[in-house]
Each structure stands twice: as structure tokens, then as C-alpha cells.
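A structural walkthrough
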2 protein chains.
Amino acid sequence: MPKEFEIIDYFRKNSHITGEHLIKGPGDDMAVMKVGGEELLITADTLLEGVHFDLSTATLEQVGYKAMACSLSDCAAMCSSPIGAIGCTSFPTYLTMAQIEQLHSGVQKAARKYNCPIIGGDVTSWDNPLAISITMFSVMKNGRKPVYRSGAVVGDRIMVTGKLGGSIKGRHLTFEPRIKESELIYDNSDLHSMMDISDGLAGDLRHICKESEVSAILDHALIPYSDEVSTNNDPVSNALSDGEDFELLFTVSENDSVNLLKEWPYTNVSLTVIGEIIPQVNGPEIFIKKNNEKLLFTGTGWEHLTK
Amino acid sequence: MPKEFEIIDYFRKNSHITGEHLIKGPGDDMAVMKVGGEELLITADTLLEGVHFDLSTATLEQVGYKAMACSLSDCAAMCSSPIGAIGCTSFPTYLTMAQIEQLHSGVQKAARKYNCPIIGGDVTSWDNPLAISITMFSVMKNGRKPVYRSGAVVGDRIMVTGKLGGSIKGRHLTFEPRIKESELIYDNSDLHSMMDISDGLAGDLRHICKESEVSAILDHALIPYSDEVSTNNDPVSNALSDGEDFELLFTVSENDSVNLLKEWPYTNVSLTVIGEIIPQVNGPEIFIKKNNEKLLFTGTGWEHLTK
């Protein structure tokens, strides 16, 4: 079995991805189409039992909520407003109606809270584990334009919402998509680039650097880590690499970063400057300053560069 | 495990299905939203290994093609033009890159032929069978309006494209979605109601009758059956009940039915009048005239009414 990124890479290079309605295909948090002169944004996420959730530690209601929240987080990452979703669910035949109702109640909890109705889908069943795919649509409101990963420029401050790492302890099932936070950031800054953190801060920041043709340097002392990260090791290393934070990662000018921090109204969600966008030398690279060292992120860990 | 229709019924009755962009939620071949003043239609289909295809009799290329073709058939059923699709695929970990490429080539064959690019999606893997969900978007072109199941009126002629039954012998993997046929029918008649036949003619016609608050009577002698139906039994009974024909089922006035038959340009796809819409007495009922008998469709078979 090839790795998922190899499959995606093959798909992107060998597909018919064109058409009069297409604005942006694969490669960002959401694809963008033009419909009736308006931008329609689309994302999809699949949750698989035994891979993305475990029914011995997660309730079915949490699974339903998470399926919606992952896609809502993508909407936030583009600064878009969700308008509807399609659900494709493959139920294991052993599930009872009461269990299916629990899953549904989690989906509906998110649908109501974020005003994003499930408007259709497909229900199937089989003698295999639960699979749920949500495809979600959003539009740009109040004259906003989609915020891509590709707009970071040298000198930008790198910022994150919330505290990172340790999501696996439970937050990955209950997190709040940062929709209102992303709208506030958009409306109070010139937002250059943004994405949500789903695969870990360091790896995801590299997506921004790759699409923007820049590099980035983080400050180890500034990385906000959650109370849930392991205290046995360096908690920042968890904050840098743990997946499923679903926080916003974005870049703005230094001035805008100062203003955003000054005006930030949310007391239960932190906002932090964690580093800076720097010129690219050898392709998109992620560095970190730790004490007096500068380390390079290799994809699987950190390599010493200078003392 | 409850039946799929019970689950769907529960979902429809217990969901937040509203919003300023929503025009039509679950219950037709596609949901309809309003985006930028234009109608955006959306459908989704999941194909599961061991349920909807069997890799001992279907190639992976055929599975990829079928996944797209099922949704393209829904676009045809609404008289809409596909503009893009999202693919969520859960790969069994034993698959090789060469096998994944075969699946992809089938998807792309349909994408190119019907100008419907896959613009995004999600790739996941697990130690379970293959699952593929396609969510497809379409728009109304040339001033057309979506054709629903709910517009049939008493006196309408019931018509079908193609020949029915026996799709399981192979046609369900290779069928051509009736997109150009549906556009031609729309442009040359006042099309009252339409859907595609996916669960069998008799059961699907009941959806039109239910949504339109009418009943229907078919003529046994007129039902076009495919060469692939079993010749051991009554071939018409297969044509009435076999699934996955993916032909168009629609109703128009008697005049329009005559004109459509006269002007029908396709020699490789038949067009047939098979019955008539009649007033509803005891809810939506499907009758069939066979010799001098009138039979009632019960959902699982046919019940004698009059001699």
C-alpha cells in the first residue's frame, strides 16, 4: 500500500481537473468553484472506525459531531460560511436504531450550532466497521475572499489560535471549529494566508511555506501547548507534531499581529505569535529557535544546524 | 439493524434541514441549493465492496467508472449539467499503487467523458474492504429548471429510456448516464416529472406517484425488457423489479409523448410509453394491466385485483 500523500500526488498529476466553473482544485483546505457569479467552497472528510475514532473510547454522538466539526474547521480555515453538507454513512449491520440515533444526534448538534444543514446523502450498510464521509459547502459572506495557503510573505508574523498538542486525550472529539474567530481575524487584518492544523503544527506550516514559496522560523519559547500534552517529555514537541488540533494557523503583517493581539476579545481561546516568515533558500523549510540553537524540521523530527 | 429506508425516514424527520440557501432537501434525485442566484444541485452515492460490487467479477476500473456514473445518472434525472465532484475513497491497505491507478482511471474516464472533474476529496486507508463515495454538483443550463418527482399529473404518459432488467449481468458496471437524452427530452416537451431507475421500475415509479399524489397503471405488454433478463421466468417481472438500470423514468402529456417518439434521434437507446398516470384512491398505487387482469404492486410482488 502506498502512502496517502503518494496517492493524492498521483491523483493530482493524472486527473482531468478543469472546467469553466473551477477556480481552485485540490491543494488547499477547500476547493473553490464559481456558481452564479459567487464562490462556492467545498471540502470533504472521511472518518473510519479503528482509524479516526475508536468506539471503546468515543461515543457515537461524539463521532457524529467530529465528522461535521472537521469540515467546519476547513470552512473556518478559508474564512467561509458553511451553508450545507452531504453525509455518506456506511453502517455496520450490527448497529441498532438507538445507536444510529446517537450518531445522528452528534451530526445534528453541529448542524444546528453552525447553521449547516445536512441536505442529502447516502445511507448504506455492510458487515464492516463504521465509515462516515461529510462533504461540506460554504460561501464567502460580507465581501470576504477565500484565504489560501499561498499568500504568506517574508516578514509576516505566524500566529495560532488556542493551545496545541494532546488532542488525542479527548479534544479531537469535542473541539469547536474556529469559525467566528476566523471571521474576526479576517475583518480586523489583511490576512495573508491561513489553514487549520490537522496533521500537526510543523508539518502543516510547511504546506503554507510550500504554497507561498517561503520558509518559516518558529520560536520554541512561544509555542502554546495544551494542558493535555504529556509532561514526561518536552511539551512543545507535542504541540509541534500532534495531529487534530483543529486550530487556525495564519500569517499577517507585524502591525496586524499587534493589533489583533490588542483587540482579541475571546478569553477562552488564546491567540499567539509563534514565529516569522523568512525567505526561502533550499525550498520550503521550517526552522525553530530553541535557546541558542536553530533546528531544522525534517518531517519526522528536528535536526541541529547551528549552536 | 433497521432497514435503510427506516434510517433515512428517521433522518428526514429529525434533522435541522433549513437555511437561506436551501431550495430542496432530501427526497428527490438531488438536493437543490441557491448559490449566487443560481440553482446548485447535489447528489451523493457510496459504493461498497461486497455490497455494490464484487472484485471477483468487476475490475477496479469498472468500479471507479460506476461510482461516477451513478451520480451522473442523478444529474440526468434532474435535467442538470454536472460541473464537478468530490471523491472520498477508503482503500484496503492491501491495494497496490497499480490497483489504485486502475480505480482512478475508471473515475477519470467518466470525469473526462462527461466533463465533470474531481476537484477534491479525501483519501483514507484501513484494513477493511474498499468504499468509495462520490458527491456531485450540477447546474441548470440553457434556462432549464430542475425536474422533480413531484410534477406528474393525471393523464400523463409514463415513459422510459432503454430496456430494463438484468443489469446485474454486467450493464450496472458499464452503463451510460442518460445526460444527453434527458436534455433532449426537456428541450422537446413540457417534462412533468422524472427520476432515474435505480431500485427497479415498479418501486421507483411509486416514488413519483407518492411525491405527485397520483397513482399509475402500467401495460405489461409495453414494458421493454433487456436481452439480459432471465428467460426462464416472465422477463417483464425482471424489468419491473431488477435494480440498477439507470434509465430515465418520466411523465409528459399524451401529445408530448407522441412528439417525443416521432422525433427521437437515438437508435441505440429506445424510448417507450409504458403506462399512464391515474387519480389516487388509496394513496400512491402502482397497477399493471396483464392480459385481462389488473394487478396491484405490493412492494414485494403483485396482487390480483380483478379478472
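Just above, that's the structure.
So, a few notes on the structure that sits alongside this text. All values reported here derive from a predicted model rather than from experimental measurement.

Moving on, we get to empty space enclosed by the protein. Summed over all chains, the structure comprises one cavity of 30 Å³ or more. Approximately 80 Å³ is the volume attributed to the largest cavity. Together, 14 residues line the largest cavity, and A:Ala131, A:Ser133, B:Ser90, B:Ala131 and B:Ser133 are the ones closest to its centre. For the lining of the largest cavity, a count of residues per class yields seven nonpolar, seven polar and no charged.

Residues and elements named next belong to chain A. What the six strands build is an open sheet, ordered β1-β2-β3-β6-β4-β5; its pairing is mixed. Whereas interior strands pair on both sides, the edge strands pair on one side only; in this sheet they are β1 (22-24) and β5 (118-126). Pairs of neighbouring strands in the sheet enclose a mean axial angle of 20 degrees, with direction left out of account. Alignment of strand β2 (residues 31-35) against strand β3 (residues 38-48), held across five bridges, turns out to be antiparallel. Across the sheet, the residue bridging to Val-35 is Glu-38, located in β3.

Take the pattern of salt bridges next. According to the stated counting rule, one finds 34 salt bridges over all chains in the structure shown. For B:Glu276, the salt bridge is made with B:Arg157, and the minimal N-O distance between the two is 3.6 Å. Taken as a pair, B:Glu276 in strand β11 (residues 271-278) and B:Arg157 in strand β7 (residues 157-161) lie far apart in primary sequence, 119 residues in all. Its relative accessible area of 31% is what places B:Glu276 among the partly exposed residues. The network of salt bridges with common partners includes A:Arg178, A:Lys180, A:Glu181 and A:Glu247.

The next subject is the relation of the copies chain B and chain A. A rotation about some axis, followed by a shift along it, carries one copy of the chain onto the other. When chain B is brought onto chain A, the operation consists of a screw motion whose angular component is 180 degrees and whose axial shift is 0.0 Å, with 0.0 Å RMSD remaining. Overall, the copies show the geometry of a two-fold rotation axis. Among all residues of chain B, the one whose C-alpha sits closest to the rotation axis is B:Gly36, at a distance of 2.2 Å. A shared binding surface is used by both copies, with 100% of the interface residues of chain B retained as interface residues in chain A.

What counts as what
Residues numbered from 1 in each chain as written. Chains lettered and ligands numbered in written order. Predicted model: local features only at pLDDT ≥ 70, side-chain atom pairs only at ≥ 80, totals over all residues. Heavy atoms only, no water. 1 Å grid on protein atoms, 1.4 Å probe; cavity = no way out; pocket = protein on both sides within 12 Å on 5 of 7 lines; lining within 4 Å. Points joined across faces, edges and corners; volume = space filled by probe spheres on them. Nonpolar A, V, L, I, M, F, W, Y, C, P; charged D, E, K, R; others polar. Pairing = 2+ DSSP bridges. Helix = DSSP H or I, 4+ residues; strand = E, 2+ residues; numbered from the N terminus. Axes fitted to C-alpha atoms, helices over the stretch in contact; angles between N-to-C directions. Salt bridge = Lys/Arg side-chain N within 4 Å of Asp/Glu carboxyl O. Buried < 20%, exposed > 50% of the residue type's maximum accessible area, 1.4 Å probe, protein only. Least-squares fit on C-alpha atoms with pLDDT ≥ 70 in both. Contact = heavy atoms within 4.5 Å.

The values reported here are purely geometric and, on their own, carry no functional implication.
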